[in-house]
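Overview (structure and organization)
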Amino acid sequence: MAIAMRVEKKIHREFDKRETKDEGGYMALIMETIPDCIQDKWYITHYILKRASAFGPWIKNDVLACAMVLMLFVLIIVGKGEIYIVTVEGEPVISYRGGVNGFEPTAVEADEEIDVTRFITLKKFGGGGSVKMTSLDCACMVLMLFVLIIVGKGEIYIVTVEGEPVISYRGGVNGFEPTAVEADEEIDVTSELVTSYSRHLEKKHDMLLGLLFDRGTYKKLYSYRHLINGFAIHISPEQAEILRRAPGVKSVQRDWKVKRLTTHTPQFLGLPTGVWPTGGGFDRAGEDIIIGFVDSGIFPHHPSFGSHRSDPYGAVPKYRGKCEVDPDTKRDFCNGKIIGAQHFAEAAIAAGAFNPEIDFASPLDGDGHGSHTAAIAAGNNGIPVRMHGYEYGKASGMAPRARIAVYKALYRLFGGFVSDVVAAIEQAVHDGVDIINLSVGANSPPATTRTTFLNPFDATLLSAVKAGVFVSQAAGNGGPFPKTLLSYSPWIVSVAAAVDDRRYKNHLTLGNGNILPGIGLSPATHANQTFTLVAANDVLLDSSVMKYSPSDCQRPEVLNKNLVEGNILLCGYSFNFVVGSASVRKVSETAKSLGAIGFVLAVENVSPGTKFDPVPVGIPGILITDVSKSMDLVDYYNISTSRDWTGRVRSFKAIGSIGDGLRPILHKSAPQVALFSARGPNIKDFSFEDADLLKPDILAPGSLIWAAWSPNGTDEANYIGEGFAMISGTSMAAPHISGIAALLKQKHPHWSPAAIKSALMTTAATLDRVERPLQAQQYTGSETMTLVPATPFDYGSGHVNPRAALDPGLIFDAGYEDYLGFLCTIPGIDAHEIMNYTNSPCNYTMVHPSNLNSPSITISHLVGTQTVTRTVTNVAEEETYVITARMAPAVAIETSPPAMTLRPGASRKFSVTLTPRSITGGYSFGEVLMKGSRGHKVRIPVVAMGYDR
C-alpha cells in the first residue's frame, strides 16, 4: 500500500508541473508512471479500487474512471496470465447479415474488401442511443475482473502467526487459562478452556486478514489452532508478500502437493500364533485402538470393514470425531468398525484441482488407495479374496479389531495439498485417534525452510506426537537410488518396503520344448494340449490401424476374431504399459472378447524403472519379463510361421501352452528390500546435506500386498471395478506398522509414541528366513535387477518382528523437549525458525544431534573421537544386560559400561565412542547389541563417515 501511495504522490507532483490540466493528460501521466513500478501492479490496482476519489476532480467521467482501472487490469492480466483465443456467439464483421437491433449488415461478398472506414456508432442492446456506462456497470465489471484475477491467479499458502497453539499454550493472554499438555498427553478438546482459547485464536486469524485485505479478495481455507497456530489461505503472491511483512506473522509458505506412495502378511509376520493370542485372539486384536487414515477415503461397504460378522462394537467415549453423510445415499459412512469419516478439500477446490464428479465431496474412496491401506492395518480377519472365480486366500488387517477413522485428503488425479493434509491431521488429533497412518509423501521437499524437519507438515506431526499420537509414514518410492526419502523427522516412524516370501511364477511351454519363465496370476491352458500362437500384428483387420499400436492388444476391434479364436494371442509389452495408458487387464479382456484361449505379453525392451507385478486375470495369461526369453519366443514364432512375399502369414504353425500361475511359491530368501523402496541417507536441508539421523527407521512388507479395493477406484488400471487389489509401495508398508503399533498400544496403553517406535526398531530382524544378512534389490549397470547386501540406509533397524516388539526388554524413550533439543542442536539452524514453528525457545541443546535418544546412532561427519550417549528404560523384570559393539574396520567403536543391571522401570545411561581409523569416503556400518540375562536382545544400528577435518 505504501508503494501505491508513493505512486499517487508522484503522479500528483508531475501533474501539478504541467501547464495543461485535463482528463486526457492525467490519464496519459498515469500510464507513463505505471511501467516504472510494474512489479507492484497489484498494490496500485488495489489502492485505486479502494481510493478512486484520490484522483480528485480530474476524473468526472465514469467511463474514463472505469477505463483507467481496466487498463490497470490489462497490465495485470498481461503480466500474470497466459494467452487464450476465445470464440463467442455472434457473426464477425465480414459475415454479419443483420439481426441485431440498431446494427445494419456489414457482410461482404466473396473477394470483396471490408470497408473499415465506415463509422459505426456503438448502440445499446435493445434500442437506439449511445451506450452510457454507469458507475454500477463499471464497478461490476471491475469487480468481476478483479475476482477473476485474484481467485483465478491466486496460490495457497500456509501461514503461522504469533501466539501458542492449544497444545503448548501456558497462559499469558488475559481471560484465557493455560491449555498446554505434557509430553504424550492427549488434548482435552471437550474442556471449556480449550474451546474458548481455540475460538480466540480463530478470531485473531480473521481479524488479521480483515485488517490487511478487503472481503472477497482472499479465501481462508482452514484455521489451525490445536497443533500449530496459523491458517491456510488462497491469495495472490502479492498479497502473500503483504502477509509476510505484517506484524505478528511468523511464516508464509506456499502450499505444495503430496502424492500416494503406492493377505498373506499376517502369517508371514507371525501374528496369528505369536501376537494375536496375547491380546485375546484375532477377534480382540487392537480392541478400542483408533487408527486415523489420512488418505483417499474409504469404501465403507467392503466386507473388510463390515461390522455384522463380528461381536458388536461398543462406543469409544474418547473419540470425538464425526461421520459425514453421503450426499447421494444420505447414509453416513460409519458402522462401529468405521468410527469416523470426514473429507478435506478446501485447498484442492481453491486450486481448481477438485472435480466433485470423480473426486467425490465426501469420504468415499474414488481411488482405491485409502481402502487398501485401511484394510492392511485394521481390516477384518478372514475375508476371502476372490477374483475371476478364484480365491487367492483370506485377507486380514494387522489389528483386525482396531477402529478406523477416515480423514480423506487425497484424490484421484492430483494427489493432494499439504494444507488439506495438515487440516486432516489436526482434526484427527482433536478427535482422539491413537495412531495416524500417512501413506503419503510430498511431491518434492518444501524448499522454503532451511531444514527438512521444520515446515508446517512436520511441525504439525511433532505436536501430534506431543499429544501422544503415534505416526507411521511411508518412506517414499524413489528407490533404489540414495537420498530419495520423503519422510525425514525423528518423531515420525519412516517405513521402508520389503518383498515377503510369496512369489507368483508361471511359464510358457513352446512347441520346440523350450520353457520360458514369466509371471501371471492365471489358470493354465487345458492339460496335455497345445494351442496355436498368433501375433497381434499378424491378425489385423486393416493394416492402416498400425497407428493404434495394435501389438498392445488394447483394441479388440482392430483384430480379426476369426484368426484369434481358439488360439493364444501374442502381444507386445510397450512403453504404454509403463506410463499406464495400456494394462494387462485390457489385454485379458481383448483376448477373451476375441475368443482366444489365452495370451502372452512379451517384453522386448526394458525401460529403466519398469516394475513387473503379476496381475490376476480370468483366462490363461503370462508376462515374459526377461528380454532374452522374449527373443527366444519371437525367434521360434518367426521360424514356425510361413509368409508370402508381402509378409502376410500363410499358416500359423507355432504352438504352446501356459502353466498354472494361481498358486504362490514361498521363498526362504525373504524378506528383501524392495527395488522401489526409498533409500537413505537422510537429509537435513535442501542442499541434500546428510543428517545425523538414520532414516528409514524400519522395514515392513510392501510388495504385492492383497487388500480391499474400492470398486470405483482408478489408482490401478488392472483393478478397476474389483473388490480387492494386489499392489506394491511403501504406502502398503506403513499401515503394516500402524496396525502392529495398535497391538503394542493395546498391550502397553501408557507407552509414548517414542517407546512404541523403540520397541519396533530394537527388536527388528537383520537376517532373512535362512539366517543370512538381509539383501536389497538393486539395479546393475545394464538396468537389470540384482540382489546386493542391504545396509541401514535400505532397512533402518531391520525388518519388523511383531512378537519380539511386544516384549522388547528395554526402550529408548524421547519426548517433545528431546525433539526440540535435537532441532536446536542442528548446525546452522535458525533459532527464530524453530520458534516460528514450535513456539519454543532454544533453551536446551544436546551438544550434537546424534545425542538424541533414538534407537539408532548416525554421525555423518565424524572428525576425531566422538562420544554419544543413550538412555534406556527397563519395561520388563529386573535384568542384567551385557553391552557389545561391532563396526566396519574404517571406524573404531567402544561402549561403556560393559554391563548394567536395571530394575523394573529404571533408566540407565551408556555411551558409545567412535573414532575414524581410515578415511574411505563412504559410510561405515555397525551395531550396538545389548543381551539380557532373561533372553532379551536389544540392537541399535550405528552409521558413521570419517573425515580428516
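All chains use their own residue numbering, which begins from 1 and follows the written sequence. Only residues with pLDDT of 70 or above have their local features reported here, since the model is predicted, and side-chain atom pairs are shown and tallied only from 80 upward, although totals for entire chains, interfaces and linings are computed over all residues. The basis for every side-chain value is the complete set of heavy atoms in the structure, and neither hydrogens nor water enter the calculation.

The condition that has to hold: UniProt positions are given in the numbering used here, feature names are shortened, and annotations may be inferred rather than shown by experiment.
Under an unreviewed UniProt entry, the name given to the chain is Subtilisin-like protease SBT2.5, and the source organism is Escallonia rubra. Taken from UniProt, the Sequence similarities (unreviewed entry) comment for the chain reads in full: "Belongs to the peptidase S8 family."

Re empty space enclosed by the protein
Rolled over the atoms, a probe as big as a water molecule pinpoints where empty space is left. Selection criterion: Cavity and pocket criteria rest on a 1 Å grid covering protein atoms alone: a 1.4 Å probe that fits but cannot get out defines a cavity, protein on both sides within 12 Å along at least 5 of 7 lines defines an open pocket, and an atom within 4 Å of a point defines a lining residue. Grid points are joined across faces, edges and corners, and a volume is the space filled by probe spheres set on the points. Secondary structure elements are defined from DSSP: runs of H or I of at least 4 residues count as helices, runs of E of at least 2 residues count as strands, and each element is numbered from the N terminus. Throughout this entry, Asp, Glu, Lys and Arg are counted as charged residues, while Ala, Val, Leu, Ile, Met, Phe, Trp, Tyr, Cys and Pro are counted as nonpolar. The remaining residues, Gly among them, count as polar.
Roughly 90 Å³ of internal volume is contained in the second largest cavity. Surrounding the second largest cavity, 15 residues form its lining, Leu227, Ile228, Tyr837, Thr838 and Asn839 being those nearest its centre. Among the secondary structure elements, those contributing two or more residues to the lining of the second largest cavity are strand E1 (155-161), helix H14 (456-466) and helix H24 (831-838). Taken together, the residues of the lining of the second largest cavity break down into eight nonpolar, seven polar and no charged.

Remarks on the state of the cysteines
Filter applied, for reference: Disulfides are defined as cysteine sulfur pairs within 2.5 Å.
Counted under the stated rule, the structure contains three disulfides. The side chain of Cys323 participates in a disulfide bridge whose partner is Cys334; the two sulfur atoms lie 1.3 Å from each other. Its torsion about the S-S bond being -60°, the disulfide of Cys323 and Cys334 is classed as left-handed. One end of the pair, Cys323, is in the loop between strand E6 (290-295) and strand E7 (338-343); the other, Cys334, is in the loop between E6 and E7, and 11 residues separate them in sequence. In this model Cys553 forms its disulfide with Cys571; the gap between the sulfur atoms is 2.1 Å.

Details of the nonpolar core
Put simply, the rule is: Only buried Ala, Val, Leu, Ile, Met, Phe, Trp, Tyr and Cys residues count toward a nonpolar core, and they belong to the same one when joined by side-chain atoms within 4.5 Å. Exposed residues in this analysis have more than 50% of their type's maximum accessible area, buried residues have under 20%, and partly exposed residues fall in between, with area computed by a 1.4 Å probe over protein chains only. Between two residues, a contact is recorded if the distance between any of their heavy atoms is within 4.5 Å.
Counting 82 residues, the largest nonpolar core has Ile187 and Ile436 as the members making the most contacts within it. The greatest single-element share of this core, amounting to eight residues, is contributed by helix H13 (residues 418-431). If sequence neighbours within four positions are ignored, Ile187 has contacts with Val166, Ile167, Val181, Val194, His226, Leu227, Arg320, Val429 and Ala467. Membership of the second largest hydrophobic core comes to 71 residues, among which are Ile376, Ile404, Trp706 and Ile740.

Remarks on the sheet that holds strand E17 (residues 506-510)
This is how it is decided: Being paired, for any two strands, means DSSP has found at least two bridges between them. Structural elements are reduced to axes, namely lines fitted to C-alpha atoms, with helices fitted over the stretch in contact, and the angle between N-to-C directions of any two is expressed from 0 to 180 degrees.
Taking strand neighbours across the sheet as the criterion, the seven strands line up as E18-E17-E25-E19-E20-E21-E22 in an open arrangement whose pairing is mixed. Only two strands of the sheet have a single partner each, and these edge strands are strand E18 (515-518) and strand E22 (621-624). Taken over all neighbouring pairs, the strand axes of this sheet differ in orientation by 30° on average, direction set aside. Pairing analysis gives three bridges linking E17 to strand E25 (residues 655-658), with the strands arranged antiparallel. Within E25, the position partnered with Thr509 by the bridge is Ser657. Of the strands in this sheet, strand E20 (568-572) and strand E21 (598-602) are in contact with helix H17 (residues 584-593), which crosses E21 at around 140°.

What about the UniProt feature "active site" (unreviewed entry) in the chain?
For clarity, the threshold we go by: Here a polar contact means two N or O atoms within 3.5 Å. Within protein one must be a hydrogen donor candidate and the other an acceptor candidate, and residues neighboring in sequence count only if both atoms are side-chain atoms.
As recorded in UniProt, the sites labelled "active site" (unreviewed entry) are Asp295, His369 and Ser731. Their sequence span is 437 residues, while the largest C-alpha to C-alpha distance among them is just 9.9 Å; these annotated residues converge on one region. Examined against the element boundaries, His369 turns out to sit in helix H12 (residues 369-378). Looking at where Ser731 falls in the secondary structure, it is placed in helix H19 (residues 730-747). A relative accessible area of 0% places Ser731 in the buried class. One polar contact links Ser731 to His369, side chain to side chain, over a distance of 2.8 Å.

Regarding the pairing of strand E8 (residues 383-387)
Residues Ile383, Val385 and Met387 of E8 are buried on one face, while the alternating residues Pro384 and Arg386, pointing to the opposite face, are not. Note: E8 against strand E9 (residues 390-395), four bridges, orientation antiparallel. If you follow Pro384 over to E9, its bridge partner there is Lys394. Connecting E8 to the next strand, E9, in antiparallel fashion are two residues, including His388 with a positive phi near 55°.

Digging into the pattern of salt bridges
Basically, it comes down to this: By salt bridge we mean one thing: a side-chain nitrogen of Lys or Arg within 4 Å of a carboxyl oxygen of Asp or Glu.
In the structure shown here, the tally under the stated rule is 25 salt bridges. A salt bridge links Glu202 to Lys220; the shortest N-O distance between them is 3.4 Å. On the criterion of sequence distance, the pair formed by Glu202 in helix H6 (residues 192-212) and Lys220 in strand E2 (residues 219-224) is long-range, its members being 18 residues apart. Classification of Glu202 by relative accessible area gives partly exposed; the value is 28%. A salt bridge links Arg886 to Glu927; the shortest N-O distance between them is 3.1 Å. Of the two residues, Arg886 is situated in strand E36 (residues 879-887) and Glu927 in strand E40 (residues 924-932); the sequence distance between them amounts to 41 residues. Judged by its relative accessible area of 56%, Arg886 is exposed. On the accessibility criterion, Glu927 (11% relative accessible area) is buried. Bridged by salt links that share partners, the residues Glu202, Asp206, Lys220 and Arg225 form one connected network.

Section: H14
With 11 of 11 residues buried, H14 is to be regarded as a mostly interior element. Buried residues of H14: Pro456, Phe457, Asp458, Ala459, Thr460, Leu461, Leu462, Ser463, Ala464, Val465 and Lys466, and no others. Residue Gly468 follows H14 closely and has a positive phi angle near 90°.

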